[in-house]
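Listed below, chain by chain, are the residues.
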Protein chains: 2
Amino acid sequence: MAITVVGSVAYDSIETPAGRKDRCLGGAATYFALAASFFTDVRVIAVVGEDFGAEQEAVFHARKIDIGGIERASGKSFFWEGSYLENLNEAKTHNTELNVFASFNPKIPDAYRDSDFLFLANIDPVLQRRVREQMPDVKLVAGDTMNYWINDHRPPLLEVLKGLDILLINDTEARVLAGDKNLVKAARGVMSMGPRMLVIKHGEYGATLFHKSVEGRDSETFRAPALPLEEVVDPTGAGDSFAGGFFGYLASQPQLTPGAFRRAMFYGSVMGSYACERFGTERLEQLSRKEIDERFQVFRELTHLD
Amino acid sequence: MAITVVGSVAYDSIETPAGRKDRCLGGAATYFALAASFFTDVRVIAVVGEDFGAEQEAVFHARKIDIGGIERASGKSFFWEGSYLENLNEAKTHNTELNVFASFNPKIPDAYRDSDFLFLANIDPVLQRRVREQMPDVKLVAGDTMNYWINDHRPPLLEVLKGLDILLINDTEARVLAGDKNLVKAARGVMSMGPRMLVIKHGEYGATLFHKSVEGRDSETFRAPALPLEEVVDPTGAGDSFAGGFFGYLASQPQLTPGAFRRAMFYGSVMGSYACERFGTERLEQLSRKEIDERFQVFRELTHLD
């Protein structure tokens with residue numbers, strides 16, 4: 001089943017202990033779409049500026065991603081500059097230029113309206129909500145957010161959460177959103193705001209899937225590993241790639257069984273780990289489904305008793 | 001096969017968000033021995049003061065732990081006071097009184113000499129080495145240490161590492177010991193100092209087992225989960241209990257196959273998670289083998305795809 005994703009398509013300038021790269025293609029929707037495209041059809045809603053051309057379009061076309069919903073506006077594309085020199089798990093933002101995103105009003109192309117899955121990548125919750133309201137009939141809605149929206153744009157974010165089936169955030173974001181240091185209690189707190197499932201990403205330690213219907217400590221909780229990586233070249237987009245692998249795999253399944261969610265967590269970790277291996281989207285662009293399934297097996301061996 | 005453990009048997013005064021308890025029975029060798037006693041025969045080498053009496057002995061006797069090697073000295077037992085008010089993953093030490101441990105010279109009882117497994121719990125590496133040298137014929141030696149010894153007693157610690165098959169430490173300790181922030185590289189650095197296997201404990205995120213013979217990223221690496229706990233009453237001794245479950249299970253196995261090591265990692269996590277549920281050794285004292293195997297199954301369901 002097809003996924004529509006709304007989020008940023010952008011340029012990033014990134015510095016990590018492995019080096020520096022200026023103006024790579026980036027943005028949450030880009031990473032999400034590339035990762036999900038290995039599993040299902042993906043359609044992107046975003047806005048870009050005049051600096052987005054044939055070279056960038058080709059990255060999406062090569063993965064058969066529908067970019068009919070990427071609007072061209074006059075001005076420059078969203079731009080982010082950050083570094084991970086002290087801590088690979090947390091970016092230090094040096095500069096954010098919203099540019100064309102500042103006046104973005106997302107519109108859903110008619111060709112996108114039969115999408116069964118909707119992903120609200122990390123952008124202004126006001127925009128997330130506007131897209132959600134235009135697609136009331138989707139079967140499954142997931143979303144992401146970040147501390148900036150949690151801290152400074154809480155009311156519209158809380159409205160978005162009411163319309164989500166699944167929220168994907170990291171440890172710190174879950175704790176801040178729920179106001180509880182304990183991760184199990186924080187998970188319960190976040191799910192009381194709307195989403196019936198919550199994926200908390202632990203960076204190099206993997207991720208945990210919580211279900212609303214059950215208490216924290218039973219078999220409905222599922223923990224997927226991350227690969228211990230010897231060299232993290234660039235962690236930018238790892239969380240969005242996790243989301244793309246997770247949601248893309250779910251959309252490819254005939255039924256959303258508990259087993260499908262477990263495998264989806266593993267595929268999320270696989271895509272997140274690949275994303276870190278090169279700057280920007282480079283590794284995802286070159287990836288094959290065979291490599292994805294090979295790493296899935298590595299993850300199984302890394303964590304399974306037999 | 002029997003395990004001999006050398007380490008502290010002590011009193012702890014502990015404050016956590018769940019409350020405060022003064023002068024509980026504690027010490028690394030105590031937690032290790034209690035946890036390992038569910039799997040195999042355990043023999044303890046330690047020193048205690050005149051404040052250690054029949055009530056404390058009964059805790060060991062109830063679990064059929066041999067305390068013939070616990071020496072009684074005049075003076076007071078080792079005492080530690082600490083709190084976890086801000087961070088449940090890291091104790092803040094308020095007071096450490098070595099007392100009778102200051103002049104301890106470990107002696108191996110004859111009845112302990114046929115032990116096939118030796119565990120050097122976290123104490124002065126000079127004492128760890130003295131015990132290791134008196135038991136040259138054991139089949140498997142594992143040990144623990146902490147940042148204090150890594151930072152301020154490095155030369156004797158490096159001597160101990162040369163005689164270890166397995167070292168169990170946490171993330172921070174591995175990074176400090178190897179001088180490398182990357183965990184895979186740190187693991188390789190630590191193993192180049194002697195141990196052919198390394199267990200790095202990640203607190204609430206589980207633990208990873210590394211083997212020297214292989215590169216970081218293959219099937220010889222194994223990651224065991226920790227249980228997402230809703231209420232951590234007291235994390236004191238969780239790492240020692242992990243070590244007891246891990247090493248105790250190994251000692252109970254007819255052969256040390258790769259599968260035995262994987263199951264041992266799970267049993268380590270099980271014992272660590274139980275230790276946190278009550279103050280001091282209370283939960284380990286009341287535990288049953290049935291509960292241990294039930295939680296083993298919970299861990300399997302928490303992480304296994306099918």
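Just above, that's the structure.
Rules of the game
Residues numbered from 1 in each chain as written. Chains lettered and ligands numbered in written order. Predicted model: local features only at pLDDT ≥ 70, side-chain atom pairs only at ≥ 80, totals over all residues. Heavy atoms only, no water. Helix = DSSP H or I, 4+ residues; strand = E, 2+ residues; numbered from the N terminus. Rg over C-alpha atoms; globule rule 2.2 N^0.38 Å. Contact = heavy atoms within 4.5 Å. Areas by Shrake-Rupley, 256 points an atom, 1.4 Å probe, with all protein chains shown as cover. Lys, Arg positive; Asp, Glu negative; His and termini not counted. Charge placed at Lys NZ, Arg CZ, Asp CG, Glu CD. Phe/Tyr/Trp six-rings, centres within 6.5 Å; stacked < 30°, edge-to-face > 60°. Buried < 20%, exposed > 50% of the residue type's maximum accessible area, 1.4 Å probe, protein only. Lys NZ or Arg CZ within 6 Å of the ring centre and 35° of its normal. Pairing = 2+ DSSP bridges. Axes fitted to C-alpha atoms, helices over the stretch in contact; angles between N-to-C directions. Core = buried A, V, L, I, M, F, W, Y, C linked by side-chain atoms within 4.5 Å. Least-squares fit on C-alpha atoms with pLDDT ≥ 70 in both. Buried area = accessible area lost by both parts, 1.4 Å probe. Salt bridge = Lys/Arg side-chain N within 4 Å of Asp/Glu carboxyl O. Polar contact = N/O pair within 3.5 Å; in protein donor to acceptor, adjacent residues only side chain to side chain. Nonpolar A, V, L, I, M, F, W, Y, C, P; charged D, E, K, R; others polar. 1 Å grid on protein atoms, 1.4 Å probe; cavity = no way out; pocket = protein on both sides within 12 Å on 5 of 7 lines; lining within 4 Å. Points joined across faces, edges and corners; volume = space filled by probe spheres on them. Expected span 1.5 Å × (residues − 1). Arc of directions from axis to C-beta.

**Quick look at the overall build of chain A**
A count of helices and strands for chain A gives eleven helices and 13 strands. Taking 306 residues into account, the globule formula puts the C-alpha radius of gyration at 19 Å, and chain A, at 18 Å, falls close to it. Overall, chain A is about 50 × 40 × 35 Å in size when its C-alpha atoms are taken along their principal axes. Considering only contacts within chain A whose residues lie at least 6 apart along the sequence, 63% involve residues at least 24 apart. Of the roughly 11700 Å² of accessible surface on chain A, 48% is carried by carbon and sulfur atoms. Taken as two groups, the 34 positive and 43 negative side-chain charges of chain A have centres that lie 5 Å from each other.

**Here we look at the packing of aromatic side chains**
Scanning the model with the defined rule gives 35 aromatic pairs over all chains in all. For the ring pair Y205(A) and Y205(B), a centre distance of 4.9 Å and an interplane angle of 5 degrees mean the geometry is stacked. Note that Y205(A) is positioned in the loop between β11 (197-201) and β12 (207-211) and Y205(B) in the loop between β11 (197-201) and β12 (207-211), a pairing that runs across two chains. Residue classification places Y205(A) among the buried residues on the basis of a relative accessible area of 14%. Ring pairs connect the aromatic residues F39(A), F222(A), Y249(A), F266(A), Y267(A), F296(A) and F299(A), which therefore count as one cluster. The aromatic ring of F38(A) is capped on one face by R63(A), whose charged end is 3.6 Å from the ring centroid.

**Overview of the sheet that holds strand β3 (residues 19-26) of chain A**
All names here are of chain A. Reading across from one edge, β3-β2-β6-β7 is the order of the four strands in this open sheet, with mixed pairing throughout. Every other strand in the sheet has two partners, leaving β3 and β7 (92-97) as the edge strands with one partner each. Neighbour to neighbour, the strand axes of the sheet diverge by 15 degrees on average, direction disregarded. In terms of strand pairing, strand β2 (residues 10-16) meets strand β6 (residues 78-83) through six bridges, oriented parallel.

**Quick word on the nonpolar core**
Grouped together as the largest cluster of nonpolar side chains are 68 residues, with contacts concentrated most on V9(A), V44(A), F119(A), I166(A), F246(A), F247(A) and L250(A). A per-element tally of this core places helix α9 (residues 258-275) of chain A first, with ten residues.

**Some words on the relation of the copies chain B and chain A**
When chain B is fitted to chain A, the residual RMSD is 0.0 Å, and the transformation amounts to a turn of 180 degrees plus an axial shift of 0.0 Å. This pairing of chains is accounted for by a two-fold axis. Comparing interface residues between copies, 100% of those in chain B also sit at the interface in chain A, which points to an isologous, same-surface contact.

**Remarks on the interface of chain B and chain A**
The interface of chain B with chain A comprises 38 residues on the first partner and 38 residues on the second. With both chains or domains summed, chain B and chain A bury close to 3700 Å², and 48% of this area falls on carbon and sulfur atoms. Sorting the residues of chain B by area buried against chain A places Y205(B), R223(B) and L305(B) first, and these three jointly supply 23% of that buried surface. Linking chain B with chain A are six salt bridges, by the criterion used here. The closest approach of N and O atoms between R188(A) and E230(B), which form a salt bridge, is 3.0 Å. Put simply, chain B and chain A have 24 residue pairs in polar contact (both at pLDDT 80 or more) between them. A per-element tally of the side of chain B that touches chain A places helix α11 (residues 289-303) of chain B first, with seven residues. Classifying every residue of the side of chain B that touches chain A gives 14 nonpolar, six polar and 18 charged.

**Some words on the sheet that holds strand β3 (residues 19-26) of chain B**
Residue and element names in this part refer to chain B. Read from one edge to the other, the open sheet built from four strands follows the order β3-β2-β6-β7, with strand pairing classed as mixed. Looking at strand neighbours, the two that pair on one side only are β3 and β7 (92-97), the edges of this open sheet. Averaged over all pairs of adjacent strands, the angle between strand axes in this sheet comes to 15 degrees, irrespective of strand direction. The sheet contacts of helix α1 (residues 28-36) involve β2 (10-16) and β3, and relative to β3 the element is tilted by about 80 degrees.

**A word on unusual backbone geometry**
For N99(A), which is not glycine, the phi torsion reads 50 degrees and is therefore positive. Even without being a glycine, R23(B) presents a positive backbone phi close to 50 degrees. Looking at the element boundaries, R23(B) is found in strand β3. Classification of R23(B) by relative accessible area gives partly exposed; the value is 39%.

**Remarks on α1(B)**
For the α-helix, the turn length of 3.6 residues means that residues three or four positions removed from each other point alike. Counted residue by residue, α1(B) has nine buried out of nine residues, so it is predominantly covered. Along α1(B), the positions that sit buried rather than exposed are A28(B), A29(B), T30(B), Y31(B), F32(B), A33(B), L34(B), A35(B) and A36(B).

**Quick look at empty space enclosed by the protein**
Applying the stated criterion to the full structure yields one cavity of 30 Å³ or more. Its boundaries defined by the atoms lining it, the largest cavity holds a volume of some 70 Å³. Surrounding the largest cavity, Y205(A), R223(A), A224(A), P225(A), T303(A), Y205(B), R223(B), A224(B), P225(B) and T303(B) form its lining. Of all the elements in the fold, those that place two or more residues in the lining of the largest cavity are β13 (222-224) of chain A together with β13 (222-224) of chain B. Grouping the amino acids of the lining of the largest cavity by side-chain chemistry returns six nonpolar, two polar and two charged.

**Structural notes on the layout of surface pockets**
Rolling a probe over the atoms, with the probe sized like a water molecule, indicates the empty space that remains. All names here are of chain A. Computed from the structure, the second largest pocket encloses a volume of approximately 230 Å³. Every element with two or more residues in the lining of the second largest pocket is listed here: β3, α2 (54-62) and α10 (282-286). Of the residues that constitute the lining of the second largest pocket, the class distribution is five nonpolar, three polar and five charged.

**Thoughts on helix α11 (residues 289-303) of chain A**
Its 15 residues place the ends of α11(A) 21 Å apart at the C-alpha level, agreeing with the 21 Å of an ideal helix rising 1.5 Å per residue. Within α11(A) the residues assigned to the buried category are I292(A), R295(A), F296(A), F299(A), L302(A) and T303(A). Each buried residue of α11(A) sits inside an arc of 120 degrees when the element is viewed along its axis, so together they form one side. Buried residues along α11(A) sit in contact with α9 of chain A together with β13, α9 (258-275) and α11 of chain B.

**Regarding the pairing of strand β10 (residues 166-170) of chain A**
All names here are of chain A. Most of β10 is tucked away: four of the five residues are buried. By the bridge criterion, three bridges tie strand β9 (residues 140-144) to β10 in an arrangement that is parallel. The partner of D144 across the bridge, within β10, is L168.

**Considering the side chain of N122(A)**
All names here are of chain A. Among the structural elements, N122 can be located in the loop between β8 (117-120) and α3 (125-134). At 2.9 Å, the side chain of N122 forms a polar contact with the side chain of W149. With near-sequence residues (within four places) excluded, N122 lies in contact with A28, Q128, D144, T145, M146 and W149.

The values are spatial; any link to function lies outside them.
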